[in-house]
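Breakdown of the fold
Take a look at the letters that make up each chain.
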Amino acid sequence: MRKIQPKISIIVPVYNVEKYIHRCIESILSQTFSDFELIIIDDGSTDMSGTICDKFAKNDSRIQVIHIKNGGVSNARNTGIAHAQGDYLMFCDSDDYVEINWCSELYEAINQVGNILPVSGIKVLYNIGEQKKEIIRAFHQKESIEKDKYFETYKKGLSGGVWCKIYDRKIITENSIFFDIGVNRGEDLLFNLSYMCHMDSVVTIPSITYNYVHSNENSLMNRYRKDLFNVTTMVYYAWQNFFKQNNVNRELIKEFATYYYINFINTFKNTFDERNKDNLIKKLSYNHHILNSKEFNECIGLADTSKEDNRYIKLLAMKNYYFLWVAEQLLKVKNYCKKNYFPHRYFKKN
């Protein structure tokens, strides 16, 4: 056990990641900033993950491994928070890995004056099968953003994840800010929005400190989600509540709606995922329900859709998904025929 209180407690939930856990732990132990404790929560793994973590703990006194029954990532993180002793908290997913400056960049930023949430850049790596791609999500410069502008991190794809941030443990414990164990998607954003209500501002860090890896085909991010619409509306209301609490102006709310209405559109596509075994009528009926929902129509009513296909927006306005689906199928047939059978001149615009 550590006798001296560490500056940072790093929490890593682990579940059946024996292929990736070595890389994750080794990257954390390679930090240029060394004053941390590493709390690994083995969430009931059935492979060798827990054993691997125990071996690391035998060789480094900073590591504590806690074995619990499987209860999901939110429960595992909450367990880590309950055992943490550091002044600050950081989170890492067990199939990801971090750069050597991960702790140092974020720790340096949080020691500035005021209650601030530092946010660094990340690299998203897609390594599933033959799909290999890298995407950088980062800010161009270091600056301070007032908390009512937290939406700026959403536009960069950095508002939700807890891995590129550092948190004041005292604020979390005193205000009972924990991960909702009843939610298994969007829980990171709910946590961040709750935490931001106690902050003064966000500090953006242009450095890339975290590598988010899409290589585990069994991860939540790669699954069909039958409850995706419910999750989308839940997160939508979380943002709306945050805007109200922080007196965000209407223009920013409209900008949010412009971005977020795409999330609702994606729920249509999710319904037709090949892993959804519902019949066609049930799928059409479900999307018709989404199209006529209060949340979707409120969002699209606020959104600026001037850059979208005007014909598609008009179809959405009819609030009849059955008709919308038929129109989409006819367009697919037209495009297929145009490409494979008929001369281009038959399809010239009037």
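The shown structure was predicted, so the numbers you read here are calculated from the model rather than taken from an experiment. (Residues numbered from 1 in each chain as written. Predicted model: local features only at pLDDT ≥ 70, side-chain atom pairs only at ≥ 80, totals over all residues. Heavy atoms only, no water.)

Before going further, it helps to spend a moment on the sheet that holds strand 9 (residues 167-168). Taken together, the five strands give an open sheet; going across it, the order is 3-2-1-4-9, and neighbouring strands pair in mixed fashion. Among the strands making up the open sheet, the edge pair consists of strand 3 (63-68) and strand 9. Across two bridges, the pairing between strand 4 (residues 88-91) and strand 9 is antiparallel. Paired with Leu89 across the strands is Tyr167, a residue of strand 9. The strands that helix 4 (residues 102-110) touches are strand 1 (8-14), strand 4 and strand 9; relative to strand 4, the one it contacts most, it runs at about 140°. (Pairing = 2+ DSSP bridges. Helix = DSSP H or I, 4+ residues; strand = E, 2+ residues; numbered from the N terminus. Contact = heavy atoms within 4.5 Å. Axes fitted to C-alpha atoms, helices over the stretch in contact; angles between N-to-C directions.)

Note that Lys19 resides in the loop between strand 1 and helix 1 (21-29). Since its relative accessible area comes to 72%, Lys19 is described here as exposed. In this structure the C-alpha to C-alpha distance between Lys19 and Ser49, which are 30 residues apart in sequence, comes to 8.4 Å. (Buried < 20%, exposed > 50% of the residue type's maximum accessible area, 1.4 Å probe, protein only.)

For the structure shown, the criterion picks out 36 aromatic pairs. A centroid spacing of 6.1 Å and a plane angle of 80° characterise the contact between Phe91 and Phe191, whose relative ring orientation is edge-to-face. On the criterion of sequence distance, the pair formed by Phe91 in strand 4 and Phe191 in helix 7 (residues 187-196) is long-range, its members being 100 residues apart. Its guanidinium or amino end placed over the ring of Phe179, Arg77 lies 5.1 Å from that ring's centre, counting from NZ or CZ. Seen from the ring of Tyr126, Lys133 lies directly overhead, with NZ or CZ sitting 5.2 Å from the centre. (Phe/Tyr/Trp six-rings, centres within 6.5 Å; stacked < 30°, edge-to-face > 60°. Lys NZ or Arg CZ within 6 Å of the ring centre and 35° of its normal.)

Time to look at the environment of Ser293. With respect to the helices and strands, the residue Ser293 is situated in the loop between helix 10 (280-291) and helix 11 (294-302). Measuring from C-alpha to C-alpha, the distance between Ser293 and Lys319 comes to 9.5 Å, with 26 residues separating the pair along the chain.

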